[in-house]
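# Chains, contacts and geometry: an overview
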Amino acid sequence: MSNLSLVFQQVRKPVEIIGVACGEGAQDKRCDCGPDALRQANVCTRLQKLGLSATWAETIRPDSSADDTPLRVVKGICARLAQHVHASALQGKLPVVVGGDHSCAIGTWKGMASALRPSGALGLIWIDAHMDAHTPQTTPSGALHGMPLACLLGFGDDELTQLNDGLRLSPQHVCLIGVRSYESSEAELLRGLGVRVFFADEVSRRGLAAVLRDALELVQAGTAGFGLTLDLDAIDPSEAPGVSTPEPGGLRASELIAASAMLQGHPALRYVEIVEYNPLRDHDGVTADIVSDLLQAMLAVKPQAPDAKTLMETESRYGAHNYEPLPVVLTRGRGVHLWDDSGKRYLDMMSAYSAVSHGHCHPRLIEALSAQAQRLAVTSRAYYNDRLPLFLKRLCEISGQDLALPVNTGLEAVETALKAARKWGYKVKGVAKECVEIIACDGNFHGRSIAIVGMSSEAQYRDGFGPYPTGFVRIAYGDVQALEHAITPNTAAFLVEPIQGEAGIIVPPRGYLAACAEICRRHNVLLICDEVQTGLGRTGRIFACDHEAVKPDGIILGKALGGGLLPVSAFLARRDVLGVFKPGDHGSTFGGNPLASAVGLAALEVLIEERFAQRAAELGDYMLRKLRALQSPLIREVRGKGLLIGVDIDPARASARDVCDVLLQHGVLSKDTHHTVVRLAPPLIVTSEQIDEAVSALHATLAQLEVAADRAA
Ligand SMILES: Cc1ncc(COP(=O)(O)O)c(C=O)c1O
């Protein structure tokens, strides 16, 4: 048989997943719920979607007689597991065992070894932070999950070593990878037997791929095949926190996933086992994702994906060049992290211009999205739906406004506000026909429609797009007197960002907004705050207006309202303002659709329950303090509020784009604005440790650029 057809045969072997919902061998028994959680996380379904024949055959659970000792429970589990694995092998299937604690490795190996016995011995690759080579005599904890390797080698309790006719693993057919925590008695036992151990320092020195290649040779020499057992604690807990006994340091998940692809279609691979998943520590599902990715890498035949260079060239060839992205192709996101096509992980300090305040793929929002998508997504406003009213009610409760009008993107909500303000000017304030004026600020950014760029002071945003609608007046931002002077009897509204984001995180003088509110009230002018970027917790209060106890006549929301999943925006206002719209005056096909409403509602609930505003206030202060302590000659100023921060770079020494490019190499994603400002606006779920990480990456970046600037000078 040619190598190729062997490969095909292996690839086509149906995968049979066997869960082992038992944590009796561990001190912390909570990894017993690991298999069920992984099943719910669609580990099997994801394999099926890749075209693999995969089934979740069974989840073995302890017998429920309460006074059984852990040893008896583990023995019972291993015996049943061995039977299942044996049967699965005889049916030509590839068993994938999902633990539970690592004591199940005894049953898995013994079941496969007995099925394979007529053809030869069974080797084993054991990837683990620990050696699992204690015996009942040497164990400090008494926990059986510290003993399975010794047991398979014939050292341990008779009840376990004697399972399946006392079949034993030969020391020369097994190797350990990634060990970094062990007792001397274990090391002595394995050394005495001649077991090859690739300690963590050897792995980091040589690279996991090189070590795995050696291991594969070793476990195949003189065997009829090999199994692979992986204790998830082998991975660095900063990347895979959902394990039962985390140990600092360890393998990089991306390196392990990449190296695992070596097993893809391997003709001698007899089984795969992944154990010690603890969902209670896996708050954002990252570890479950790693399990899925590992199984996909080991078992599935992936179609050759285009590489990053090809993807960037394709986008450049077929897409209009209205953006200039940083050279990174992102493929996955979770929480505050994003991954590129090569598996490299980045800290997201951009949050898609503050649209991802909830973090990437927030589990509650994903749940709301998928549940609603499967029920009802888009109906148009030609009918009522059962989600929109709840969303509107919550929006009004949170903002203290009377009415809300849902649309999709930020600019649509701004347009809605402009239309409402004009109509209010004519119908309520009584401005003469075609004479209404709206005041905006220099440096504003409210979106990119023709009316909106018409209000802009930025030459590039306007160039080539005129003629523009009239009726807009611009004044200096942060200047109360300028507002007072600009108001005429025809002024309907003053449109303002509480902090100017796109302009470079410009924070106006203290008291500015409150003074504007007073002036507007005195002149019967609507104060409309564009909180598309600053709203929903970003600056340390639910609305940035709250810092000055200002209740505007209208608020524009967008970005984070869609939970980082969908475009959802709204204009909220007093009854007399939004009340000017009659059916047919304004609308949007997708605005207020059930899917957007369900996600928007969930985004608001998460915002309140997870205290985003308080987090942004505390962590924003922390981040500002750390950034201000950096003392780099490249920094002109650090400014911002909450987690909306700008670092102003001295253009004589470097551009903000240079900083973002080097930050990218250091694993941090940011984006420049106006050539001199690096914006730092992480998801509001960021932790102080992640902020430390980002600040030290910026520190290293600035030091690097400082040397380059000095050299150039
Ligand atoms: C304050 C503000 N308003 C409006 C917008 C426009 O939002 P969108 O890009 O969703 O149209 C933005 C976008 O950055 C913004 O920052």
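Computed from a prediction, not measured in an experiment: that's the story for all the values here. Within each chain, residue numbers correspond to sequence positions counted from 1 in written order. With pLDDT at 70 or above as the cut-off, local features in this predicted model cover only qualifying residues; side-chain atom pairs require 80 or more to be listed or tallied, and sums for whole chains, interfaces and linings still use all residues.

## With respect to helix H26 (residues 656–665)
Defined as follows: Around each residue's C-beta, the other C-beta atoms within 10 Å are counted; 20 or more make the residue buried, 12 or fewer make it exposed, and counts in between make it partly exposed. All C-beta atoms are placed from the backbone. Secondary structure elements follow DSSP: runs of H or I of four or more residues count as helices, runs of E of two or more count as strands, with numbering from the N terminus.
Taken as a whole, H26 has its buried residues at Ala656, Val659, Cys660, Val662 and Leu663. Where H26 terminates, the next one or two residues include Gly667, which has phi positive at roughly 80°.

## Notes on the nonpolar core
Cut-off, in case you're wondering: By convention in this section, buried Ala, Val, Leu, Ile, Met, Phe, Trp, Tyr and Cys residues joined through C-beta atoms within 7 Å make up a nonpolar core. Each domain's limits were defined by an automated method or a database of domain assignments. Note that contacts rest on C-beta atoms placed from the backbone: two residues are in contact if these are within 7 Å.
Counting 119 residues, the largest nonpolar core has Phe494 and Val599 as its most contacted members. If one sorts the elements of this core by residue count, helix H24 (residues 594–609) sits on top with 10 residues. The residues that make up this core include at least three from each of domain 2 (314–360 + 612–712) and domain 3 (377–609). With residues up to four places along the chain from it excluded, the contact list for Phe494 reads Ile439, Leu483, Cys516, Cys520, Val525, Leu527 and Ile528. Of all hydrophobic cores here, the second largest spans 102 residues; its members include Ile125, Ile127, Leu230 and Leu294.

## Describing the domain arrangement of the protein
In terms of domain boundaries, the protein breaks down into domain 1 (3–299), domain 2 (314–360 + 612–712) and domain 3 (377–609). Distance between the C-alpha centres of domain 1 and domain 3: 56 Å.

## Points about helix H9 (residues 184–193)
Let me state the cut-off plainly: Here the arc refers to the set of directions running from the helix axis out to each C-beta atom.
Those residues of H9 that fall on the buried side of the exposure criterion are Glu186, Leu189 and Leu190. The buried residues of H9 occupy an angular sector of 90° when the element is viewed end-on, so they sit on one face. For H9, exposure combined with an orientation more than 90 degrees from the buried face picks out Ser184, Glu188, Arg191 and Gly192. In the segment just after H9, Gly194 is the residue with positive phi, at about 85°.

## Digging into the site of the ligand
Test applied: Put plainly, near means the residue's C-beta atom, positioned from the backbone, lies within 6 Å of the molecule or strand in question. Here the term charged refers only to Asp, Glu, Lys and Arg, the term nonpolar to Ala, Val, Leu, Ile, Met, Phe, Trp, Tyr, Cys and Pro, and the term polar to all other amino acids, Gly among them.
The immediate surroundings of the ligand are formed by 15 residues, with Thr409, Gly410, Leu411, Gly447 and Val532 found nearest. When residues in the shell around the ligand are grouped by element, the largest group, 3 residues, is from helix H18 (residues 410–429). Split by residue class, the shell around the ligand holds 5 nonpolar, 7 polar and 3 charged.

## A look at the packing of helix H17 (residues 388–399) against H24
Each packed pair of helices is defined by two parameters, the angle between the axes and the distance between the axes. The condition is simple: Lines are fitted to the C-alpha atoms to define the axes, a helix being fitted only along its stretch in contact, and any angle between axes, read from their N-to-C directions, falls within 0 to 180 degrees. In this scheme, a crossing is called left-handed if the near helix is turned counterclockwise away from the far one by less than a right angle; it is called right-handed if the turn is clockwise.
Interhelical geometry of H17 versus H24 gives an angle of 35° and a closest axis separation of 8 Å. Two packed elements cross with a definite hand, and for H17 against H24 that hand is left-handed. On the side of H17, the interface is formed by Leu388, Leu390, Phe391, Arg394 and Ile398, while H24 contributes Pro594, Ser597, Gly600, Leu601 and Leu604.

## Here's the deal with the sheet that holds strand E20 (residues 644–649)
Using the following cut-off: Pairing between strands requires that DSSP locate at least two bridges from one strand to the other.
Ordered by their spatial adjacency, 4 strands build an open sheet running E19-E20-E23-E22, and the pairing between neighbours is antiparallel. Of all strands in the sheet, those bounded by a partner on one side alone are strand E19 (635–641) and strand E22 (671–673). When the angles between neighbouring strand axes are averaged without regard to direction, this sheet yields 30°. As paired strands, E20 and strand E23 (residues 677–680) are joined by 4 bridges and run antiparallel to one another. Across the sheet, Ile645 pairs through a bridge with Leu680, a residue of E23. Its contacts with the sheet place helix H25 (residues 612–628) against E19 and E20, and it is angled at close to 175° to E19.

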